[in-house]
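Here's the letter readout for the chains.
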Amino acid sequence: MKKWSESRAPAGRYAYVNGRYLRHGEACVHVEDRGLQLGEAIYEVCNLRHGRLIDEEPHLDRMERSLREIAVAMPLSRAALKSVMRELIARNRIKDGLLYIQVSRGAAKRDHVPPANMGRPTLIITLRPQDLAGLEKRMAQGVAVSTQPDIRWGRRDIKTTNLLPNVMAKVAAKKKGAFEAWLVEGGKITEGSSTNAWIVTADGEIVTRDLSSAILAGVTRKLILEAAAEAQMKVSERAFTLEEAKSAREAFISSATGACVPVVTIDDAPVGDGRPGPLTRRLGTLYARKTGLEG
Ligand code: PLP
């Protein structure tokens with residue numbers, strides 16, 4: 001059987017690992033890396049569109065915050081990091097893609113407590129082309145979501161690479177024919193497995209969960225909220241129940257990979273008339289204009 005690196009990673013793709021630009025299939029980290037061994041790592045995903053990084057600064061702000069929360073130093077200054085990101089984009093010759101940044105505490109003999117003389121953090125950056133046709137189809141047709149219990153830890157505001165519960169939820173949702181899992185805790189939706197969750201109520205109120213350690217503070221969420229406020233749309237940041245979601249007029253999900261992707265069914269029941277809704281589309285357009293996604 002062919003290795004993934006041989007069969008899938010296109011020739012000419014490069015990854016960045018700790019100061020070096022390496023062929024994607026050959027890039028690797030130390031076997032004792034604490035990200036690999038203990039999940040002591042955080043990440044960011046930034047959308048590259050028309051050769052420009054969308055929402056770059058807020059993604060880097062959140063990355064710095066996640067690192068502060070786990071007491072790991074920034075591996076490079078922000079200016080140096082940005083120039084590495086640009087160099088990787090240039091080397092990969094990709095205009096529309098997803099840039100992935102991961103930082104772990106670094107490599108050391110496996111022990112829960114890191115050694116006092118811990119070396120530098122591990123920095124990985126990869127870039128892959130985005131499936132724009134797939135995204136366009138999801139935007140046009142909407143997606144199905146399946147609700148799953150939210151079994152994650154108590155610090156979901158940290159963008160950790162520990163995604164096992166998210167992976168399990170999304171796999172369970174996929175088995176039910178859904179694109180995304182909506183996670184439910186105490187009868188309320190927290191967020192999606194890799195997206196923030198939104199509804200538009202029967203009286204036109206746009207609702208998404210308020211920020212706390214129960215959810216990730218999505219960068220796309222923040223900019224959609226700003227765009228909605230600028231357009232004087234009625235928005236409320238609060239928890240909403242599964243029942244409320246099921247009787248909503250519209251629903252959608254947001255993330256760097258797709259802003260305002262309409263949700264047309266929840267657990268196989270249609271949302272509204274079962275088609276992408278007008279407010280979802282309007283917010284998507286406002287977000288695209290605000291962030292330069294439109295080009
Ligand atoms: N919620 C979770 C659990 C996520 O993993 C993500 C993105 O990865 C989001 C929300 C959306 O965040 P952003 O808009 O910053 O991509």
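Above this text you will find the structure in question.
Break down the sheet that holds strand β2 (residues 20-23) for me, with residues and values.
With antiparallel pairing, six strands are arranged side by side in an open sheet as β2-β1-β6-β5-β3-β4. This sheet does not close on itself; its edge strands, each paired only once, are β2 and β4 (52-53). Looking at chain direction, strand β1 (residues 14-17) and β2 are connected through four bridges and run antiparallel. Across the sheet, V17 pairs through a bridge with R20, a residue of β2. On top of the sheet, helix α3 (residues 56-69) reaches β3 (41-49), β4 and β5 (97-104); it is set at about 175 degrees to β3, its chief contact. Taken strand by strand, helix α4 (residues 78-92) contacts β1, β2, β3, β4, β5 and β6 (122-129), and its axis lies near 35 degrees from that of β6.

Before we move on, could you go through the nonpolar core and cite the residues and values that matter?
Counting 23 residues, the largest nonpolar core has M63, M85, L99, I101 and I125 as the members making the most contacts within it. Counting residues per element, the ones that place at least two in this core are β3, α3, α4, β5 and β6. Counting residues per element, this core draws most heavily on α4, at five residues. Judged by nonpolar contacts, the second largest core, of 20 residues, contains V200, L223, A227 and A288.

Could you give an account of the pattern of salt bridges, naming the residues involved and the relevant values?
Across all of its chains, the model carries 25 salt bridges by this definition. A salt bridge links R105 to E40; the shortest N-O distance between them is 2.7 Å. Here E40 lies in the loop between α2 (34-38) and β3 and R105 lies in the loop between β5 and β6, a separation of 65 residues in the sequence. A relative accessible area of 15% means that R105 is categorised as buried. Taking the relative accessible area as the measure of exposure, E40 reaches 17% and is therefore buried. Residue K290 is joined to E230 by a salt bridge in which the shortest nitrogen-to-oxygen separation is 2.8 Å. Remark: E230 occurs in helix α7 (residues 219-230) and K290 occurs in helix α9 (residues 278-291); sequence separation between them is 60 residues. Among the residues examined, K290 registers a relative accessible area of 32% and is labelled partly exposed. It is possible to trace a salt-bridge network through shared partners that takes in E57, D61, E64, R78 and K82.

Each value, and the rule that gives it
- Residues numbered from 1 in each chain as written.
- Predicted model: local features only at pLDDT ≥ 70, side-chain atom pairs only at ≥ 80, totals over all residues.
- Heavy atoms only, no water.
- Pairing = 2+ DSSP bridges.
- Helix = DSSP H or I, 4+ residues; strand = E, 2+ residues; numbered from the N terminus.
- Contact = heavy atoms within 4.5 Å.
- Axes fitted to C-alpha atoms, helices over the stretch in contact; angles between N-to-C directions.
- Core = buried A, V, L, I, M, F, W, Y, C linked by side-chain atoms within 4.5 Å.
- Buried < 20%, exposed > 50% of the residue type's maximum accessible area, 1.4 Å probe, protein only.
- Salt bridge = Lys/Arg side-chain N within 4 Å of Asp/Glu carboxyl O.

Note that every value here comes from positions in space, so none of it alone points to a role or purpose.
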